[in-house]
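Each chain, letter by letter, is given below.
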Protein chains: 2
Amino acid sequence: MITPVLLCGGSGTRLWPLSRKSYPKQFVPLVGDETLFQASAKRLSGPDYAPPLVLTASDFRFIVTEQLQDAGLDPGAVLIEPEGRNTAPAILAAALHLATTDPAALMLIAPSDHVVPDAAAFRAAVAAGVPAAQAGQIVTFGITPTHAETAYGYLELSAPPKDGHATPLTRFVEKPDAATANVMVKADNFLWNAGLFLCSAQTMLKAARTHCPDLMEPVGAAVTQAKTDLGFLRLDPAAWGRARDVSIDYAVMEQAKNLSVVPFGAGWSDLGGWDAVWREAGPDARGVATTGPATAIDCDDTLLRSEADGLEVVGIGLKNIMAVAMPDAVLVADMSRAQDVKLAVAALKDKNAKQATAFPKDHRPWGWFETLVLADRFQVKRIVVHPGAALSLQSHHHRSEHWIVVEGTARVTVDEDVKLLGENQSVYIPLGAVHRMENPGKVPMVLIEVQTGSYLGEDDIIRYEDIYARE
Amino acid sequence: MITPVLLCGGSGTRLWPLSRKSYPKQFVPLVGDETLFQASAKRLSGPDYAPPLVLTASDFRFIVTEQLQDAGLDPGAVLIEPEGRNTAPAILAAALHLATTDPAALMLIAPSDHVVPDAAAFRAAVAAGVPAAQAGQIVTFGITPTHAETAYGYLELSAPPKDGHATPLTRFVEKPDAATANVMVKADNFLWNAGLFLCSAQTMLKAARTHCPDLMEPVGAAVTQAKTDLGFLRLDPAAWGRARDVSIDYAVMEQAKNLSVVPFGAGWSDLGGWDAVWREAGPDARGVATTGPATAIDCDDTLLRSEADGLEVVGIGLKNIMAVAMPDAVLVADMSRAQDVKLAVAALKDKNAKQATAFPKDHRPWGWFETLVLADRFQVKRIVVHPGAALSLQSHHHRSEHWIVVEGTARVTVDEDVKLLGENQSVYIPLGAVHRMENPGKVPMVLIEVQTGSYLGEDDIIRYEDIYARE
């Protein structure tokens, strides 16, 4: 049995506006109907795989369990990183956690935001690495290069790779310049480094003790002092804060001598920009790829994406353009500037635009909400509550609320009263009343909330009780 | 006194998505804070001008009066064209209407969707044409050409024009090819035809009797049988339907011998496409013009417009691109394709997308509404009711409604009950109940309506009473 270790902490800005700090890329269906995280977890499931061990940030913990559940997958352990410390501390924490039950357990470490269309081929490559991993090797999976890419690191092999076989690694090559990339892509013993590793927990720990011993104490303490919280394992923040922020490549892999490489040539992308999304989307003969209600008229080599049902995007006479539209933000860029999308995020941060980091749908442990309209003295929200879920028992200082149930059934508490509301029923929550909304039913409950008051910020909330242990 | 005759019937598609059939270009603030219609009416106001005579379609009648009121202008007569029959019948109707009170009345005929930044200079040009108009001439105002434009017709003068003087017209020149345009722009006796005319009502009628006598009977009957309706003058549909669909240029001007031209060189645009809007918006040194929350990063010769407060538009590395974003539709096009925006409208019509013709804000005599969310069995709307206005007394077969007042005061009728609701008060309208919403106050009333039911179309309405005489 192999335990997938899914690294799920990133918050890239290169796929803004669809990927935002509050809801990053791996949780979004960028290619196909599943999110990248769901596809990654599914890819590493089946008879040879244990439930995944997921490393993520606190903000994303409920998204992780919800998306695994939606994909019909068993959630394994979810380790919460108190803050992002790069890949080395995260992978060591996973190894330490696994080693407490089985030091020989094999772990397949994988980012959760890549695209691998042929999952079976990928599992076959993993299987081919198992004997070497069992023999104490760290096996990495190198992607057969298709072009002289300068955005990836490379793996130099001691001999040309053979499908289904592990070949010893000679060295890691940092992201090259174009000339070097050109030489490597023509040689027969270089592969792309995709950050995929297979080894036993004890092999990883031994390598760490040798190559980055300073990480062992803080990460070890973060794991042993971790607190269980509603099924999540919260690494100890104080100990975690002492761990160096460092990548596994730099801390371990570039120094370890026991590395081998299994080649993988069946298709892979890290979706590192909208240009990569465009390529993976399967452009037509003129190079046009559209998603959602988008229409291309006389366009070439262009990506047009609409991310909402009621949002029509039309391109006319475009060449090498990517346009991504959401109801609250639109990006239009030359395709060659895909790596500069972070400039858009920075510009919006500078002007304090919430679209820089906040997703229009705000995901919470109990479901999600979105603001339909926000004015000076009123706000209208759509609130969707999962079956069995409950919002906290709360009150507000500055606003009253009208709730109208439009789908499903709500159990509503207002001070001493508790009542059930069905579709088309409403209730009024006066300013200051202690109230709670729950979905006792078997289907999602949808409610329209109309707030009025002088201050409508999310921080006007006093929580009395919360089944998700929020403060 | 000169009566402005404002032609306000167009429904251009070249400025989609901001201009749509349901709310065309002249009613939109395309350049500056005023709408083109408001700016046109203001330009032709002051001591020398009578209140305007507006020719418009039935759908736009309340928008016309509302926009005149908002601009602080007296509404003159509003003649409703039962259907669009081009400019000749519309101008003849205006002349016949004016002639009933004063055959010598001067009329200044003007489209209401052009931009003329220097209104005082334009009024001075009009004043310069008055003596000729009083002497029985039809005076047109020719725009000094700035380039060899092929999209406009030209006016050939008998001599080079002089500012402040009317020069006899030799002939109208149809939209030329590029070579002809080049010759004309270099000559000193050609001006652009902007469709602006000054003459007395009797001069126009005399010219029509001579050059298009077939129009006199149907247009005459449409005016004499017109019905007054809430202050609007509805031309008789049957008579109007018999009038030939023809432009004033073709029906009268190209044949009349009594034409003179006053030149106008102080700036004019017909805003015939987004490229014209870009030019009028005053692009910066790199050619970038932005409107609303739009950010250009390393762009050249690019128009970026966001038409909503909460909609951030970002362009990166664009050249010769126009991007116009609304919450329900986004256009991205190469600047050279400005005249092909109609293809976007056609493509959306083909796929039955409502964005082809319908504006997200639905303007009604009493105010406006917009759909905030539309689902299978519920819909949420924001409804804004003008002070003193009232919706019809109505009922629905398939939906119940919850109303929550969030600004101002509503008077609500539900069957036998009539009550006042203030901010933060709500009322429930059961399915089948006869109900009405009014704003008895002095400020706009804003209400959130939550509908639930099996059918939510606007046509599920039975009207019992309507102060706007709708059926």
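Residues numbered from 1 in each chain as written. Chains lettered and ligands numbered in written order. Predicted model: local features only at pLDDT ≥ 70, side-chain atom pairs only at ≥ 80, totals over all residues. Heavy atoms only, no water.

(A) Just the relation of the copies chain B and chain A, in detail. Superposing chain B onto chain A requires a rotation of 180 degrees together with a translation of 0.0 Å along the rotation axis, leaving an RMSD of 0.1 Å. Those values place the two copies in the arrangement expected of a two-fold rotation axis. Looking at the rotation axis and the C-alpha trace of chain B, the residue lying nearest is B:P327, at 2.6 Å. Mapped onto chain A, 100% of the interface residues of chain B again fall at the interface, so both copies present the same surface. (Least-squares fit on C-alpha atoms with pLDDT ≥ 70 in both. Contact = heavy atoms within 4.5 Å.)

(B) Representation of the pattern of salt bridges within the structure. Residue and element names in this part refer to chain A. According to the stated counting rule, one finds 42 salt bridges over all chains in the structure shown. Between K42 and E34 there is a salt bridge; the shortest N-O distance is 2.6 Å. According to the relative accessible area criterion, K42 is partly exposed, its value standing at 36%. For E34, a relative accessible area of 28% puts it in the partly exposed group. (Salt bridge = Lys/Arg side-chain N within 4 Å of Asp/Glu carboxyl O. Buried < 20%, exposed > 50% of the residue type's maximum accessible area, 1.4 Å probe, protein only.)

(C) Quick peek at the sheet that holds strand 14 (residues 302-306) of chain B. Reading across the sheet, the six strands line up as 13(A)-15(A)-17(B)-16(B)-14(B)-12(B) and stay open at both edges, with mixed pairing between neighbours. Only two strands of the sheet have a single neighbouring strand rather than two, namely strand 13 (294-297) of chain A together with strand 12 (288-291) of chain B. Ignoring which end each strand starts from, the neighbouring axes of this sheet average 5 degrees apart. Here six bridges tie strand 16 (residues 321-326) of chain B to strand 17 (residues 329-334) of chain B, and the two strands are oriented antiparallel to one another. Considered in strand 17 of chain B, the bridge of B:M322 is made with B:A333. (Pairing = 2+ DSSP bridges. Helix = DSSP H or I, 4+ residues; strand = E, 2+ residues; numbered from the N terminus. Axes fitted to C-alpha atoms, helices over the stretch in contact; angles between N-to-C directions.)

(D) Molecular detail of the packing of helix 3 (residues 87-99) of chain A against helix 6 (residues 201-211) of chain A. Residue and element names in this part refer to chain A. Where helix 3 contacts helix 6, the two axes come as close as 9 Å, and the packing angle between them is 130 degrees. By the angle class used here, helix 3 and helix 6 are oblique. In the packing of helix 3 onto helix 6, the handedness of the crossing is left-handed. Residues I91, L92, A95, L96, L98 and A99 of helix 3 touch helix 6, and the partners they reach there are A201, M204, L205 and A208. (Parallel < 35°, antiparallel > 145°, perpendicular 65-115°, else oblique. Left-handed = near helix turned anticlockwise from the far one by under 90°.)

(E) Looking closely at the interface of chain B and chain A. Counting residues at the interface gives 56 residues for chain B, matched by 56 residues for chain A. Carbon and sulfur atoms supply 62% of the area buried between chain B and chain A, which totals about 4,400 Å² over both sides. Viewed at the interface, chain A and chain B are joined by six salt bridges. The partner of B:R377 in a salt bridge is A:E423, with the nearest N and O atoms 2.8 Å apart. Here chain B and chain A share 28 residue pairs in polar contact (both at pLDDT 80 or more) between them. When residues of the side of chain B that touches chain A are assigned to their parent elements, the largest contribution, six residues, is made by strand 17 of chain B. (Buried area = accessible area lost by both parts, 1.4 Å probe. Polar contact = N/O pair within 3.5 Å; in protein donor to acceptor, adjacent residues only side chain to side chain.)

(F) Broad picture of the UniProt feature "domain: Mannose-6-phosphate isomerase type II C-terminal" (unreviewed entry) in chain A. In this structure's numbering, the residues bearing the UniProt feature "domain: Mannose-6-phosphate isomerase type II C-terminal" (unreviewed entry) are residues 353-466 of chain A. In the segment residues 353-466 of chain A, helix accounts for 0% and strand for 55%; the C-alpha atoms at its two ends are 30 Å apart. (UniProt positions renumbered as here; feature names shortened; annotations may be inferred.)

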